[in-house]
Amino acid sequence: MSKSKVEPHVPASILVVDDTRANLRLLVGILTEHGYKVRPAMNGRVALAAAQAEPPDLILLDIMMPEMDGYEVCEQLKADERTRDIPLIFISAMSEVLDKVKAFSVGGVDYITKPFQVEEVLARVETHLTIGRLQKNLQEQNTRLQEENIRRMRVMEAFKDSRERYRLLAENSNDIISRQNTQGIYLYASPACRLLLGYKLEEIIGHYVFEFIHPQDLPAIQAIYENLAEQPPVSIITYRARRKDDHYIWLETTNKIIREPEMNTVAEIISVSRDVTERKQAEEILQTLNQRMQDELALAQEIQQSLLPPAHPDWSYPDVICYSVPVREVGGDFYHYHAFSSPGGRTEDKKGGRYAFAIGDVSGKGVSAALLMAASLAQFDAALSRKLTPSERMVYLDRAIYPYTQPRGQNCALCYVELDLAGLKNLSGLAKLHIVNAGCIPPYIRRTNGRVEYSDVGGFALGQGLGAETGYKQLTLNLSPGDMVILTSDGLVEAMNVNGELFGFERLERAIASGPTGNAVEMMTHLMSKIFEFIGQAEPYDDMTMIVVQV
């Protein structure tokens, strides 16, 4: 079957005929601005020559013109086989007498009055262009139907002697053409059975089909013959057939059920069997490769998850819980936390210490995002080992990740916070939260009084080299004991339900405000339950990562 060729879009061609330059210029401008290919003509003779040389898709024709009026131009166009099918819209001033009967009788399809209303002009033009296209398509379909009818008549004539034609076809086909009775006994088999299976005709005809079927495929073949009355008129089945040398090949057989017209009972089965061994072998190889790829992706997921620290750090203070799930086997989101060492080298994991938390979101999905995530995580670890301010740490990361992101135009959005608990030991009783953001969602602060604050701080995503040039703004907030810090990737706010609605920032803020204040785990459980309740049965759209920290 031939495939229909998709033609590129070609703007409709319109011929505008008016002896008044202002009207002509106005119409040409309106139509050109809306994407049509417009040709102007100042009088009837020029219009006739233009239409005959290159027939347009539509003609706008003024009625009142010197020498040759619009009616006469229309009559000559309709008399010419090259232009008779072009739809023609008359133009008439409201002050002029428009003979509508004559306009339609000479071949016009519509009329437009002056002064022009842009919307009316465009509506009428597009309406009749559409009608013209439909008529053209209908004519083409009719032509194709006529050609198909002629072809079928020729085919019928060519196959008047059907028995002889069938015999020639069967004897020269590379596929096995056969007939079986309702018990599955071969009544006829074409010579191709020797080519494909190695049997002589007498070794096939009179034998049961079941004698040549692989034992594992036999039940499916037997079921067909046991329920012939319930089988569809045409069916296809693939199975292994035994060759004379005891090797098996795969056959794809199309069965046609022949019924007795008067009694509506099955008379026999006509089958066409094709060797599809190479195709089946290719499918098995593809299945093996797919399974191997799935196994490797599962291993990659395990490796990627192992790069992340435990969801709950082994700290006595502050209270921290992390969550990250990729939308595919591997993804581009990550989280990280770190307890800075005191000057004496002791890791601070109690009140008075200093801690770092980050959420990263690498652009893209799948394996490429996972590889960039691993590189970003490694560079982030390296950055933590340096004595840098939060802003300096982000500049360092922007430069360090740049070589990994540029080959594919990727980037890494990252929100980084440092929590300094030293103030909890002095009279202020307040901790300090230093926030730096590189294209990620800024953190939410849930105060002990239930108020939710959105820390609006931003910057260029890492790996573009822009942040290193402009620097990163640092925002510092005071936190009281019991306050919570929530960091998220964009996968949470962009989570989508079956109606195509996004979870969004407002729902996230309400969920945070209504969450429990007992500990970080309770808040995390509350937020994720709200998100999954909203998503319902919808497929996940993006990786989802979150960190909840309670002072």
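Residues numbered from 1 in each chain as written. Predicted model: local features only at pLDDT ≥ 70, side-chain atom pairs only at ≥ 80, totals over all residues. Heavy atoms only, no water.

Within the fold, Glu-203 resides in the loop between helix 7 (192–197) and helix 8 (218–226). In this view, Glu-203 contacts Gly-198, Phe-212 and Lys-244; residues no more than four positions away in its chain are not counted. (Helix = DSSP H or I, 4+ residues; strand = E, 2+ residues; numbered from the N terminus. Contact = heavy atoms within 4.5 Å.)

The subject of this paragraph is a nonpolar patch on the surface. On the surface, Leu-299, Ile-303 and Leu-307 cluster together into a nonpolar patch covering about 270 Å² of accessible area. Position of Leu-307 among the secondary structure elements: in helix 9 (residues 277–307). On the accessibility criterion, Leu-307 (41% relative accessible area) is partly exposed. (Patch = residues over 30% accessible without salt bridge, like charges linked within 9 Å, V, L, I, M, F, W, Y side chains within 5 Å. Areas by Shrake-Rupley, 256 points an atom, 1.4 Å probe, with all protein chains shown as cover. Salt bridge = Lys/Arg side-chain N within 4 Å of Asp/Glu carboxyl O. Buried < 20%, exposed > 50% of the residue type's maximum accessible area, 1.4 Å probe, protein only.)

To continue, consider unusual backbone geometry. Between Lys-114 and Pro-115 the backbone carries a cis peptide bond, its omega angle lying at 0°. The residue Pro-115 is located in the loop between strand 5 (110–114) and helix 5 (118–158) in this model. Residue Pro-318 is reached from Tyr-317 by a cis peptide bond, and omega for that bond is -5°. Its identity is not glycine, yet Glu-67 carries a phi of approximately 65°, on the positive side. Looking at the element boundaries, Glu-67 is found in the loop between strand 3 (58–62) and helix 3 (70–79). The class of Glu-67 is exposed, set by a relative accessible area of 74%.

If you walk through the whole model with that rule in mind, you get 13 aromatic pairs. Ring plane angle 65° and centroid distance 6.2 Å describe the contact between Tyr-186 and Phe-212, whose orientation is recorded as edge-to-face. Of this pair, Tyr-186 sits in strand 7 (residues 186–189) while Phe-212 is found in the loop between helix 7 and helix 8, placing the two residues 26 residues apart along the sequence. Here Tyr-186 matches Phe-212 in class, with each residue buried. Between Tyr-454 and Phe-505, the aromatic rings sit 6.5 Å apart at their centres with planes inclined by 75°, giving edge-to-face as the arrangement. Here Tyr-454 is found in strand 17 (residues 452–454), whereas its partner Phe-505 is found in helix 14 (residues 504–513), with 51 residues between them in sequence. Counting every residue linked through ring pairs, the aromatic cluster contains Trp-315, Tyr-337, Tyr-355 and Phe-357. A cation sits over an aromatic face here: Lys-280 above Trp-250, 4.5 Å from the ring centre. The ring of Phe-340 is capped by Arg-354, whose NZ or CZ atom sits 3.9 Å from the centre of that ring. (Phe/Tyr/Trp six-rings, centres within 6.5 Å; stacked < 30°, edge-to-face > 60°. Lys NZ or Arg CZ within 6 Å of the ring centre and 35° of its normal.)

This paragraph deals with the packing of helix 2 (residues 44–53) against helix 3. In a pair of packed helices, the angle between the axes and the distance between the axes together describe the arrangement. One way to put it is that helix 2 packs onto helix 3 with a least axis distance of 10 Å and a crossing angle of 20°. By the angle between their directions, the pair helix 2 and helix 3 is classed as roughly parallel. Relative to helix 3, the crossing made by helix 2 is right-handed. Of the residues in helix 3, those touching helix 2 at Gly-44, Leu-48 and Ala-51 are Val-73, Gln-76 and Leu-77. (Axes fitted to C-alpha atoms, helices over the stretch in contact; angles between N-to-C directions. Parallel < 35°, antiparallel > 145°, perpendicular 65-115°, else oblique. Left-handed = near helix turned anticlockwise from the far one by under 90°.)

Further remarks concern the confidence of the model for the protein chain. Here the protein chain averages 87 in pLDDT, while 92% of its residues score no lower than 70. Note that residues 1–6 has pLDDT below 50 and, in this model, zero contacts with residues that lie over four places away or in other chains. Within the model, the stretch residues 343–349 combines pLDDT values under 50 with 15 contacts to residues more than four positions away or in other chains. (pLDDT = per-residue confidence, 0-100.)

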